[in-house]
Amino acid sequence: MDMDQLKRQAAARALEEVRDGMQLGLGTGSTAKHFVELLGARVAAGLNVIGVPTSEATRADAERCGVPLTTLDEIDHLDITVDGADEIDPDLNLIKGGGGALLREKIVAAASDRMIVIADDTKWVPTLGRFPLPIEVIPFGLGATRRAIEKAFAQCGVSGQMAVRRAKDGHVFVTDGGHWILDAQLGRIADPAGLAKALSVIPGVVEHGLFIGLASSAVLAGGEGIRVIERRKPKGD
Ligand SMILES: O=C(CO)[C@H](O)[C@H](O)COP(=O)(O)O
């Protein structure tokens with residue numbers, strides 16, 4: 001079975017958790033796109049749900065698939081967010097942002113009662129850090145922000161190359177919020193919660209791709225079937 005089929009299987013398993021009347025966060029990326037497509041088919045068959053997209057790309061997908069949309073200004077909470085991830089560790093801490101939507105993804109996940117992460121099982125890692133950590137930054141004063149990030153890395157016992165993300169055409173990648181992304185090749189993040197805290201207080205850092213204590217469960221699809229892993233600690237811990 002190819003990777004795309006595995007992603008679709010994980011999305012289909014998450015869809016089983018969706019009930020009529022739910023308010024849903026809609027993630028970004030190739031796996032989340034499968035979820036939006038499958039959800040659209042259920043909506044066409046009569047399911048009544050409403051979604052908040054985590055990116056302009058997902059908004060376009062949801063509109064194409066006929067999923068009704070709203071915003072976090074119009075509703076006060078979400079029942080479930082279903083989103084992909086770039087890495088998932090055994091505590092269900094995540095690296096996200098490979099698709100550049102980490103800021104809206106984190107806002108939407110934090111507003112949700114539950115976050116279900118869907119992925120093929122190559123995303124499961126013993127320790128986060130093999131995937132470059134995305135850090136969304138304001139372009140103004142980038143040199144100062146970079147130096148502060150490097151200092152935070154040193155304090156947290158990590159180091160590695162950091163580069164401004166570029167789009168395929170070579171131009172700087174600009175997020176939906178108009179910001180830039182630094183991708184940091186850290187290799188191994190021994191204390192993701194500590195690093196998340198250290199990055200969050202740096203002026204110029206808008207958000208980072210460490211999702212700590214946000215995921216409630218992970219649905220991992222692999223050659224041997226689907227594994228659902230529930231988070232042991234309560235949300236937010
Ligand atoms: O965080 C993300 C986008 O910002 C995605 O969820 C993450 O990159 C996984 O994407 P894919 O499902 O395509 O592997």
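How each quantity is defined
- Residues numbered from 1 in each chain as written.
- Predicted model: local features only at pLDDT ≥ 70, side-chain atom pairs only at ≥ 80, totals over all residues.
- Heavy atoms only, no water.
- Pairing = 2+ DSSP bridges.
- Helix = DSSP H or I, 4+ residues; strand = E, 2+ residues; numbered from the N terminus.
- Axes fitted to C-alpha atoms, helices over the stretch in contact; angles between N-to-C directions.
- Contact = heavy atoms within 4.5 Å.
- Near = heavy atom within 4 Å.
- Polar contact = N/O pair within 3.5 Å; in protein donor to acceptor, adjacent residues only side chain to side chain.
- Areas by Shrake-Rupley, 256 points an atom, 1.4 Å probe, with all protein chains shown as cover.
- 1 Å grid on protein atoms, 1.4 Å probe; cavity = no way out; pocket = protein on both sides within 12 Å on 5 of 7 lines; lining within 4 Å.
- Sits in = over half its atoms within 2 Å of the grid points.
- Nonpolar A, V, L, I, M, F, W, Y, C, P; charged D, E, K, R; others polar.
- Core = buried A, V, L, I, M, F, W, Y, C linked by side-chain atoms within 4.5 Å.
- Buried < 20%, exposed > 50% of the residue type's maximum accessible area, 1.4 Å probe, protein only.
- pLDDT = per-residue confidence, 0-100.

1. As for the sheet that holds strand β8 (residues 162-164)
Working step 1: The four strands lie next to each other as β8-β9-β7-β10, forming an open sheet whose pairing is antiparallel. The open sheet has two edge strands with one neighbour each: β8 and β10 (205-208). Here the strands of the sheet are splayed against their neighbours by 25° on average, with no regard to which way each runs.
Working step 2: Across three bridges, the pairing between strand β7 (residues 133-137) and β10 is antiparallel. Looking across to β10, one finds that Ile135 is bridged to His208.
Working step 3: Relative to the sheet, helix α4 (residues 102-110) contacts β7, β9 (180-184) and β10, its axis offset from that of β10 by approximately 65°.
Working step 4: Lying on the sheet, helix α6 (residues 192-200) is in contact with β7 and β10; it crosses β10 at an angle near 160°.

2. Considering the site of the ligand
Working step 1: Near the ligand lie 18 residues; those nearest to it are Ser30, Thr31, Asp86, Gly97 and Lys123.
Working step 2: Take Gly99: an N or O atom from its main chain is 3.3 Å from an oxygen atom of the ligand.
Working step 3: Taking 380 Å² as the accessible area of the ligand by itself, protein coverage stands at 91%.
Working step 4: Applying the majority rule of atoms within 2 Å of the grid points places the ligand in the largest pocket.
Working step 5: Contributions of two or more residues to the shell around the ligand are made by α2 (30-44) and α4.
Working step 6: A per-class count over the shell around the ligand returns three nonpolar, nine polar and six charged.

3. With respect to the nonpolar core
Working step 1: The biggest cluster of nonpolar side chains holds 25 residues, and the ones touching the most others in it are Val18, Leu24, Leu26, Phe35, Leu39, Val49 and Ile118.
Working step 2: For this core, the elements supplying multiple residues, two or more each, are α1 (3-15), β1 (23-26), α2, α3 (56-65), β3 (78-83), β6 (112-120) and β12 (217-222).
Working step 3: Aside from chain neighbours lying at most four places away, what touches Ile118 is Ala10, Ala11, Ala14, Thr31, Ala32, Phe35, Val82, Asp83, Gly84, Ala85 and Val219.
Working step 4: Formed by 23 residues, the second largest nonpolar core is a distinct cluster that contains Leu128, Ala152, Leu195 and Ile202.

4. Re the confidence of the model for the protein
Working step 1: Taken over all residues, the pLDDT of the protein has a mean of 97, while the share at 70 or more is 98%.
Working step 2: Interface predicted TM-score (ipTM) for the complex: 0.98; the corresponding pTM is 0.96.

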